[in-house]
Amino acid sequence: QPPGLDVEECQFRPQDGYRLHGWWHPGSGPGEPSHRPVVLWCHGNAGNITHRAENKRMLAERGLAVLLFDYRGFGRSEGKPSEHGLYLDATTAYRYLVHRRGVSPSRVICFGRSIGTGVALHVALREKVAGLIMESAFENVPAMVRRKALLWLLTLFMRNRFDNLIRIRRLAVPLLMTHGDRDSLVPVEQGRAVFAAAPEPKEFYVIEGAGHNDTYEAGGEAYFEALRRFCYRCVERKGH
């Protein structure tokens, strides 16, 4: 655990029994804590929640509560990752917020980065939430593999697809997509393709000068303000 990190440790178990580990931060600053948006954070496919500690702090300082958790097989969470397993983990984290923390679904914003975009989308399609944020989203795993000419045959055998392009069409809550314009791993064109398939209301925020792993650093204050504004707008919309 990074020194000086002001979080509450939490654990929860999906249906198949693995113990998952996460951090809860209720947010800070002015405003009633019970009215703050709650960001359910689904991280990318590398590292663990310790690598998102600074990013989490920046969100919490702007009045957003955050539940940051590790998927099975990541960090201190038990198990082995799979597409179905990650979906189950995120759904369990959502239910931990609603049933054990007493968070109203009208305050929950699903946030997914990179491979986490598919995980966050899954929750947003199946549970009651206020909104969805997808950062550095891709069409699906086969589309990513086809970018490497010699690997295209692997798409015939892939079990994990994370098909954002098809599933986004069923979204029924507001969507914010963010993407670095210098992302060499997931080109911004992939994000735009997913965005084009999504229903309204939606908005696309380009993070100028950002690659795949430095979005919040390159985006600076304007980036965090865009996230904060979207989250509060979604919660206010649900309140009406």
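Scoring rules and cut-offs
Each chain has its residues counted from 1, running along the sequence as written. Residue-level local features of this predicted model are given only where pLDDT is at least 70; pairs of side-chain atoms are given and counted only at 80 or more, and the full residue set underlies all totals for whole chains, interfaces and linings. The basis for every side-chain value is the complete set of non-hydrogen atoms in the structure, without hydrogens or water. Helix and strand assignments follow DSSP, with helices taken as H or I runs no shorter than four residues and strands as E runs no shorter than two, numbered in order from the N terminus. Atoms counted for the radius of gyration: C-alpha only. Globule rule: 2.2 Å times the number of residues to the power 0.38. Any residue under 20% of the maximum accessible area for its type is buried, any over 50% is exposed, and the rest in between are partly exposed; the area is computed with a 1.4 Å probe on protein chains only. Note on contacts: a residue pair is in contact if any heavy atoms of the two residues lie within 4.5 Å. Here the open area of atoms and residues is found with the Shrake-Rupley method and a 1.4 Å probe, where only the protein chains shown may cover a residue. The pairing test for Phe, Tyr and Trp rings, Trp by its six-membered ring, is centres within 6.5 Å, and the orientation test on the planes gives stacked under 30 degrees, edge-to-face over 60, and tilted for anything in between. Two conditions define a charge sitting above a ring: the NZ of Lys or the CZ of Arg must be within 6 Å of the ring centre, and it must be within 35 degrees of the ring normal.

All right, on to the overall build of the protein chain then. When its secondary structure is counted, the protein chain shows seven helices and eight strands. For 240 residues, the compact-globule estimate of 2.2 N^0.38 gives 18 Å, and the C-alpha radius of gyration of the protein chain, at 17 Å, lies within 12% of that figure. With respect to the principal axes defined by its C-alpha atoms, the protein chain has extents near 55 × 40 × 35 Å. In the protein chain, which comprises 240 residues, the share counted as buried stands at 55%. Expressed as a percentage of contacts within the protein chain between residues at least 6 apart in sequence, the contacts between residues at least 24 apart total 68%. Surface exposure of the protein chain reaches about 11100 Å², of which carbon and sulfur atoms provide 51%.

Another point: the packing of aromatic side chains. Remark: the centre distance and the inter-plane angle together describe each pair of aromatic rings, the angle taken between the planes. With the rule as written, the count across this model stands at eight aromatic pairs. With a centroid separation of 5.1 Å and 35 degrees between ring planes, the pair formed by Phe12 and Tyr96 is classed as tilted. Residue Phe12 is found in strand β1 (residues 8–12), and its partner Tyr96 is found in helix α2 (residues 83–100); the two are separated by 84 residues along the sequence. With respect to burial, Phe12 and Tyr96 carry one shared label: buried. Ring centres 5.0 Å apart and planes at 75 degrees place the aromatic pair Tyr223 and Phe224 in the edge-to-face group. The pair formed by Tyr223 and Phe224 is uniform in burial state, with each residue classed as buried. Cluster of aromatic residues (ring-pair linked, three or more members): Phe12, Phe69, Tyr71, Phe74 and Tyr96. One residue, Arg62, lies across the ring of Phe224, its end atom 4.6 Å from the ring centre. Positioned over the ring face of Phe195 is Lys202, at 4.7 Å from the centre of the ring.

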